[in-house]
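What follows is each chain in one-letter form.
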Amino acid sequence: AFQISRMGEAGKSIVTTIVWFQFITAQIIAAVMLSTAISDEIHHRTLGLLMTTPIGSFQIVIGKLLSKLLQLILLLAISLPLLAVVRVFGGVPWDYVVSSLCVTLTAAVFAGSVSLFFSILSRRAYLVIILTILTLAGLFGLVPLLGSLLYEAMDWRGQNFLTLLLYPNPFAAQMLNTERLYNPGR
């Protein structure tokens, strides 16, 4: 009985380790893969030719984004059977696995979109990657930090302001999701 209960804890730790690794690396890979998406078109002088086709600018941008992220989506899909097998140990519900993959995919699409935006502004891949990481750190780290400091300074009574700051933050969503896995009664 003791060994069976420990298998559930081992399953939880394995799944959360894999999910958090995917969450962090998917955003980094998306930023790196899309760092030269538009600047390569400008550098190789194929953007003008691409603009002469009946494809609109929105379709060009979405096509670039989704074609690069397709590989990332396949990498995330490959891990799904592994997570399903580890679920056999017990203790890991399907809603955690699915919601974690959805949060990871959403964060990767956002990181890729930011990287694609900076790819329009700069030709250098390393500069685009650095700008993307700084922008994501500012949005997901600095803005909630300043909001919580403002919350403490203004002495507001309701928690609506803090929850409003945490809803669009994928790191907060992933942390709350993982906390719900380990403390299901909360």
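We now turn to the structure provided with this report. Not measured: the values here are computed from a predicted model.

### Quick word on the nonpolar core
Phase 1: In terms of nonpolar packing, the biggest core is built from 11 residues, these being Val15, Ile18, Val19, Leu76, Leu83, Val86, Val92, Tyr96, Val97, Leu101 and Leu181.
Phase 2: When residues of this core are traced back to their parent elements, those giving at least two are helix H1 (2-33), helix H4 (57-86) and helix H5 (94-121).
Phase 3: When neighbours within four sequence positions are excluded, Tyr96 is seen to be in contact with Val15, Thr16, Val19, Asn177, Thr178 and Leu181.
Phase 4: Counting residues in each nonpolar core, the second largest holds 10 residues, with Ala37, Leu65, Leu69 and Leu116 among its members.

### Considerations on the packing of H5 against helix H8 (residues 170-182)
Phase 1: Running from N to C, H5 and H8 cross one another at 170°; their axes reach a closest spacing of 10 Å. One element, H5, and the other, H8, form an angle in the roughly antiparallel class. Residues Tyr96, Ser99, Ser100, Val103, Thr104 and Ala107 of H5 touch H8, and the partners they reach there are Pro170, Ala173, Gln174, Asn177, Thr178 and Leu181.
Phase 2: Its residues assigned to classes, the contact of H5 with H8 comprises six nonpolar, six polar and no charged.

### Structural notes on the layout of surface pockets
Phase 1: Here the largest pocket is characterised by a volume of approximately 160 Å³.
Phase 2: Ile24, Gln27, Ile28, Ala31, Ile133, Leu136, Ala137 and Phe171 are the residues that line the largest pocket.
Phase 3: Mapped by element, the contributors of at least two residues to the lining of the largest pocket are H1 and helix H6 (125-154).
Phase 4: Partitioning the lining of the largest pocket into residue classes produces seven nonpolar, one polar and no charged.

### What about the environment of Ser35?
Phase 1: Tracing the chain through its elements places Ser35 in the loop between H1 and helix H2 (37-43).
Phase 2: The exposure class of Ser35 is buried, given its relative accessible area of 3%.
Phase 3: Sequence separation of Ser35 and Tyr126 is 91 residues, and the distance between their C-alpha atoms is 7.9 Å.
Phase 4: When residues no more than four places from it in sequence are discounted, the contact partners of Ser35 are Ser115, Ser119, Ala125, Val128 and Ile129.

### Digging into H4
Phase 1: Counted at 1.5 Å a residue, the expected span for H4 with its 30 residues is 44 Å, and the 44 Å between its end C-alpha atoms agrees.
Phase 2: A bend of about 35° at Leu70 is the largest found in H4.
Phase 3: For H4, the complete set of buried residues consists of Ile60, Lys64, Leu65, Leu69, Leu72, Leu76, Ser79, Leu83 and Val86.

Cut-offs used in this document
Residues numbered from 1 in each chain as written. Predicted model: local features only at pLDDT ≥ 70, side-chain atom pairs only at ≥ 80, totals over all residues. Heavy atoms only, no water. Core = buried A, V, L, I, M, F, W, Y, C linked by side-chain atoms within 4.5 Å. Buried < 20%, exposed > 50% of the residue type's maximum accessible area, 1.4 Å probe, protein only. Helix = DSSP H or I, 4+ residues; strand = E, 2+ residues; numbered from the N terminus. Contact = heavy atoms within 4.5 Å. Axes fitted to C-alpha atoms, helices over the stretch in contact; angles between N-to-C directions. Parallel < 35°, antiparallel > 145°, perpendicular 65-115°, else oblique. Nonpolar A, V, L, I, M, F, W, Y, C, P; charged D, E, K, R; others polar. 1 Å grid on protein atoms, 1.4 Å probe; cavity = no way out; pocket = protein on both sides within 12 Å on 5 of 7 lines; lining within 4 Å. Points joined across faces, edges and corners; volume = space filled by probe spheres on them. Expected span 1.5 Å × (residues − 1). Bend = angle between axes of the 7 residues up to and from the residue.

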